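Architecture at a glance
What follows is each chain in one-letter form.
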Amino acid sequence: MNIDNPEYEICLCRRMNVSQVEDLIKAQGFTTLKELCEKGHVGDKCGGCREELELLLNKVLDKQKVDF
């Protein structure tokens, strides 16, 4: 688990790395894991990456709060 590495493949089923998921969160304005999984189509297959996705989502949201 290394959500600080942009190239780390966070979702193996969808073959998405941290950078791609961060961009998706920002572009779509996702604020919950449920939205990210259902609407972003990441973490919606086996679910094995959901814990890491939630950590990444919180990291992105926390950074957005600091930037404002």
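Preceding block: the structure.
These notes cover the structure that comes with them. (Residues numbered from 1 in each chain as written. Predicted model: local features only at pLDDT ≥ 70, side-chain atom pairs only at ≥ 80, totals over all residues. Heavy atoms only, no water.)

On to helix 3 (residues 50-67), then. With 18 residues, helix 3 ought to run about 26 Å at 1.5 Å a step, and its terminal C-alpha atoms sit 25 Å apart, in line with that. Turning to helix 3, its buried residues are Glu52, Leu53, Leu56, Leu57, Val60 and Leu61. Looking down the long axis of helix 3, one finds its buried residues gathered within 170° of arc, a one-sided arrangement. Exposed residues on helix 3 whose side chains face more than 90 degrees from its buried face are Glu51, Lys65 and Val66. (Helix = DSSP H or I, 4+ residues; strand = E, 2+ residues; numbered from the N terminus. Expected span 1.5 Å × (residues − 1). Buried < 20%, exposed > 50% of the residue type's maximum accessible area, 1.4 Å probe, protein only. Arc of directions from axis to C-beta.)

Moving on: the environment of Thr32. Secondary-structure assignment places Thr32 in the loop between helix 1 (18-28) and helix 2 (33-40). Under the relative-accessibility criterion, Thr32 is labelled partly exposed at 35%. Along the primary structure Thr32 and Glu54 are separated by 22 residues, whereas in three dimensions their C-alpha atoms are 8.0 Å apart. At 3.1 Å, the side chain of Thr32 forms a polar contact with the backbone nitrogen of Glu35. (Polar contact = N/O pair within 3.5 Å; in protein donor to acceptor, adjacent residues only side chain to side chain.)

What follows is about the nonpolar core. Within the largest apolar cluster, 19 residues are counted, with the highest numbers of intra-cluster contacts made by Ile10, Val21, Leu36, Val42, Leu53 and Leu56. Elements represented by at least two residues in this core include exactly strand 1 (9-11), helix 1, helix 2 and helix 3. The element best represented in this core is helix 3, accounting for five residues. Aside from chain neighbours lying at most four places away, what touches Leu53 is Ile10, Val21, Leu33, Leu36, Val42 and Gly43. (Core = buried A, V, L, I, M, F, W, Y, C linked by side-chain atoms within 4.5 Å. Contact = heavy atoms within 4.5 Å.)

Shape is all these values report; function is a separate question.
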